[in-house]
Amino acid sequence: MDISTQTADAPPPIPPQPSAAEQKRDARGATRVGDRVFLGLSRGSGILLLVVMAAIAVFLTYRAALAINRDHGNFLTTFEWNTNLIPPSFGIAVLAFGTIVSSIIAMAIAVPIAVAIALFITHYAPRRLAGPVAFVIDLLAAVPSIVYGLWGALILVPHMTGLFGWLNDYFGWTGIFSWDGGAPRSMLTVAILLAIMILPIITNVSREVFRQVPQMHEEAALALGATRWEVVRMAVLPFGRSGVISASMLGLGRALGETMAVATVLSPDFDIHASLLNPGGGTFAQNIASKFGEATSDGRDALIASGLVLFVITLLVNGAARIIIQRRAEYSGANA
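Definitions and cut-offs
- Residues numbered from 1 in each chain as written.
- Predicted model: local features only at pLDDT ≥ 70, side-chain atom pairs only at ≥ 80, totals over all residues.
- Heavy atoms only, no water.
- Axes fitted to C-alpha atoms, helices over the stretch in contact; angles between N-to-C directions.
- Helix = DSSP H or I, 4+ residues; strand = E, 2+ residues; numbered from the N terminus.
- Parallel < 35°, antiparallel > 145°, perpendicular 65-115°, else oblique.
- Left-handed = near helix turned anticlockwise from the far one by under 90°.
- Contact = heavy atoms within 4.5 Å.
- Nonpolar A, V, L, I, M, F, W, Y, C, P; charged D, E, K, R; others polar.
- 1 Å grid on protein atoms, 1.4 Å probe; cavity = no way out; pocket = protein on both sides within 12 Å on 5 of 7 lines; lining within 4 Å.
- Points joined across faces, edges and corners; volume = space filled by probe spheres on them.

Q: What am I meant to see in the packing of helix H8 (residues 187-211) against helix H10 (residues 228-257) here?
A: Angle between the axes and distance between the axes are the two parameters that describe a pair of packed helices. One way to put it is that H8 packs onto H10 with a least axis distance of 8 Å and a crossing angle of 150°. The orientation of H8 relative to H10 falls into the category roughly antiparallel. Here H8 and H10 pass one another in a crossing that is right-handed. Contacts between H8 and H10 involve Leu-194, Met-197, Ile-198, Ile-201, Ile-202, Val-205, Ser-206, Val-209 and Phe-210 from the former and Val-236, Leu-237, Phe-239, Gly-240, Gly-243, Val-244, Ala-247, Ser-248, Leu-250, Gly-251, Arg-254 and Ala-255 from the latter. Per-class residue counts for the contact of H8 with H10 are 15 nonpolar, five polar and one charged.

Below is the structure:
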């Protein structure tokens, strides 16, 4: 047999395999200087974020404890905010009610409209129309809060009388939509303004999520005879569900902490009204912004205590959103 033939038919030599230690170093990405630097910076950034969050929590808790110890009323149930008394008397019942109710109504208005706009831009509108609409939405997201507040006070509030009158005529019997004819500087007006403010945020994030839907998913649904709406319902919305939830939580975070727009539009008082149309109520951020400048030392501690409650509510909302996203991750685009 020819020696050259044997050499040609011989299998190629097996390259040496890296040792277990080398594989471990490669998995950690620490074999190169750049990888080690990047790993250190990334780890340090994460630790720094935790340190900042812990420092904020400690500061708020300490100042809140000082205020609550001096509070003559019940911090959770008192319908009063008078920090100039000796001893001071204040509570967050009205603020918590107003913050939660206005944010929930704003979300109920904004989320369906934002998702519909995002679907229109990504799956229905022609390209020549989708571009300008998306550009306008991006501009709305960049408008400062005080501009929204001025627009709400000068334009929105005067034009709410017609809507309030209609709600009172047809739904006033419920008590929630009864109106005594006063200025429409109420929680419903605040909720509508918040819905307009958070609409661009939810729309932009949802739009980007819907753009990531794999084309093969939509083509497969069309090949099976699905209509345009069925494609959206079976392929697009399940893929982007986690993204829409995340976008909604971003919008909810802005609604919970919005300050100047609410302070400009709302006529605050420390009472919980059954009707959403009559003036009154308040929110955490609005109360802090309106009272911090003239507050005494006790008053500032009390405002910081209310800020701690808002901080906790925000953490709970974000935690609940993370749980929902994790539970639905297998049905979303996270595993596509």
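Okay, back to it.
Q: Would you mind showing me how to read empty space enclosed by the protein here?
A: Empty space left among the atoms is revealed by rolling a probe the size of a water molecule over them. Under the definition given, this model contains two cavities of 30 Å³ or more. Here the largest cavity is characterised by a volume of approximately 70 Å³. Every residue lining the largest cavity is listed: Phe-97, Gly-98, Val-101, Met-187, Asp-271, Ile-272, His-273, Ser-275, Leu-276, Asn-278, Gly-280 and Gly-281. Of all the elements, helix H4 (residues 93-124) adds the most residues to the lining of the largest cavity, at three residues. Of the residues that constitute the lining of the largest cavity, the class distribution is five nonpolar, six polar and one charged. As a volume, the second largest cavity reaches approximately 30 Å³. Forming the walls of the second largest cavity are Thr-99, Ser-102, Ser-103, Leu-194, Ala-255, Leu-256, Glu-258, Val-262 and Thr-283. Breaking the lining of the second largest cavity down by element, the ones donating at least two residues are H4 and H10. Here the lining of the second largest cavity takes three residues from H4, the largest share from any one element. Of the residues contributing to the lining of the second largest cavity, the split by class is four nonpolar, four polar and one charged.

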